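Commentary on secondary and tertiary structure
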Protein chains: 2
Amino acid sequence: MTQFGTYVNTARRSLQAHDRRYSLRQVAGRIGVEPGYLSKIERGQVAPPSEAATVRLARELDEDPDVLLALGGKVSSDLQEVIRKRPRLFAQLIRELRDAPDHAVLRIVREVRDGDW
Amino acid sequence: MTQFGTYVNTARRSLQAHDRRYSLRQVAGRIGVEPGYLSKIERGQVAPPSEAATVRLARELDEDPDVLLALGGKVSSDLQEVIRKRPRLFAQLIRELRDAPDHAVLRIVREVRDGDW
DNA sequence: GTAAGTGTGTAGTGTTTAGGAAACATGACG
DNA sequence: CGTCATGTTTCCTAAACACTACACACTTAC
């Protein structure tokens, strides 16, 4: 489960190549964790960080928080809250869509966004 | 946050009224926890139990596991897995549906179930 | 060549999660 | 009365989570 670490490391290094403000230490400083901790995270030596830290890291590296959370084995708590408010409804919907192809889900997203209810 | 406890207590007592196999002790025994623990759960003296125990409890009391998990502040891990596999897609969908009325979501569920993709 | 900056290794910490064990009090039954 | 069965109380804990502190080695910049 070190998908998370390599992903972060790759993203950071690619930024670092053009901007020396993206050293491990500086990024760690900006997202508010110790450098040693971020180092271990990047090398998968510890579990992915908390949701809050993951989101700060994603923003800092200009990555999608939901994707990074997913790599860390988590689901954003605001999504969870939506589900918890109407559990039967959303549980059914999500299970129904488990095996639906991307384009089918996307079609629904668009349908909903064009709000025809 | 003792919604969970009162809900469980009410459900159990209503079963117990007609069937003495639904005493706290017997239910605890069948779902594999100590009576003292279930007692504390029902009175909100401790946090809601783990996902696994919550699901066993729901099945035992013939309640919807997703609803009980929601009352316990949790979201079923199989739903989380669906989201984690395609985080961007599902995050967008769920946020889009956050404020949609029930019937709109239900319409989509039916649409998907009648699988027209 | 030294000061600054880079990443890493080791050790330890406080908090939360998810309960178990055992004794206790109360009431019903025969 | 004794003995079940009921729910409750107190105390304890093992493991996981989310980090910090700090010293170390190496490179680079001036």
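Above this note sits the structure.
Just so you know, these numbers come straight off a predicted model, no measurement behind them. (Residues numbered from 1 in each chain as written. Chains lettered and ligands numbered in written order. Predicted model: local features only at pLDDT ≥ 70, side-chain atom pairs only at ≥ 80, totals over all residues. Heavy atoms only, no water.)

Quick look at the relation of the copies chain A and chain B
- Mapping chain A onto chain B leaves a residual RMSD of 0.1 Å; the transformation is a rotation of 180 degrees accompanied by 0.0 Å of translation along its axis. Within this description, the copies of the chain are treated as partners about a two-fold rotation axis. Relative to the rotation axis, the C-alpha of Ile108 of chain A is the closest in chain A, positioned 3.9 Å from it.
- When the interface residues of chain A are mapped onto chain B, 100% of them again fall at the interface, so both copies present the same face. (Least-squares fit on C-alpha atoms with pLDDT ≥ 70 in both. Contact = heavy atoms within 4.5 Å.)

Observations regarding the protein's contact with DNA strand D
- Around DNA strand D sit 21 residues, and of these Ser50 of chain A together with Gln16, Leu24, Arg25 and Arg43 of chain B come closest.
- Counting only the atoms of DNA strand D that lie within 4 Å of the protein, the sugar and phosphate share comes to 56%.
- One nitrogen or oxygen atom from the main chain of Leu24 of chain B is found 2.5 Å from a phosphate oxygen belonging to DNA strand D.
- Of all elements in the fold, only α3 (35-42) of chain A together with α1 (3-16), α2 (24-31) and α3 (35-42) of chain B reach the threshold of two or more residues within the surface near DNA strand D.
- Per element, the largest residue contribution to the surface near DNA strand D is four residues, and it comes from α3 of chain B.
- Classifying every residue of the surface near DNA strand D by side-chain character gives six nonpolar, eight polar and seven charged. (Near = heavy atom within 4 Å. Polar contact = N/O pair within 3.5 Å; in protein donor to acceptor, adjacent residues only side chain to side chain. Helix = DSSP H or I, 4+ residues; strand = E, 2+ residues; numbered from the N terminus. Nonpolar A, V, L, I, M, F, W, Y, C, P; charged D, E, K, R; others polar.)

Brief notes about the protein's contact with DNA strand C
- If you check the shell around DNA strand C, you find 18 residues, and the closest are Leu24, Arg25, Ser39 and Arg43 of chain A together with Ser50 of chain B.
- If you look at DNA strand C and keep only atoms within 4 Å of the protein, 57% of those are sugar or phosphate atoms.
- Here Lys40 of chain B contributes a side-chain N or O atom positioned 2.8 Å from a base oxygen of DNA strand C.
- Note that a phosphate oxygen of DNA strand C is positioned 2.4 Å from one of the side-chain N or O atoms of Ser50 of chain B.
- Secondary-structure elements contributing two or more residues to the surface near DNA strand C are α1 (3-16), α2 (24-31) and α3 of chain A together with α3 of chain B.
- Counted by class, the surface near DNA strand C contains four nonpolar, seven polar and seven charged residues.

Focus: the packing of helix α6 (residues 77-85) of chain A against helix α7 (residues 87-97) of chain A
Residues and elements named next belong to chain A.
- The contact between α6 and α7 brings their axes to 5 Å, and the two run at 115 degrees. Here α7 runs roughly perpendicular to α6, going by the angle between their axes. Contact with α6, carried on its side by Val82, Ile83, Arg84 and Lys85, involves Pro87, Phe90 and Ile94 of α7 and no other residues of that element.
- Residue composition of the contact of α6 with α7, grouped by class: five nonpolar, no polar and two charged. (Axes fitted to C-alpha atoms, helices over the stretch in contact; angles between N-to-C directions. Parallel < 35°, antiparallel > 145°, perpendicular 65-115°, else oblique.)

Comments concerning the packing of aromatic side chains
- A full pass over the atoms with the stated rule returns zero aromatic pairs over all chains.
- A cation sits over an aromatic face here: Arg30 of chain A above Tyr22 of chain A, 5.2 Å from the ring centre. (Phe/Tyr/Trp six-rings, centres within 6.5 Å; stacked < 30°, edge-to-face > 60°. Lys NZ or Arg CZ within 6 Å of the ring centre and 35° of its normal.)

Digging into the interface of chain A and chain B
- On the chain B side, the residues contacting the 41 residues of chain A number 41 residues.
- Carbon and sulfur atoms make up 68% of the area that chain A and chain B hide from each other, which totals about 4300 Å².
- Viewed at the interface, chain B and chain A are joined by six salt bridges.
- For Asp66 of chain A, the salt bridge is made with Arg95 of chain B, and the minimal N-O distance between the two is 3.0 Å.
- Here chain A and chain B share twelve residue pairs in polar contact (both at pLDDT 80 or more) between them.
- Sorting elements by how many residues they give to the side of chain A that touches chain B places α7 of chain A first, with eleven residues. (Buried area = accessible area lost by both parts, 1.4 Å probe. Salt bridge = Lys/Arg side-chain N within 4 Å of Asp/Glu carboxyl O.)

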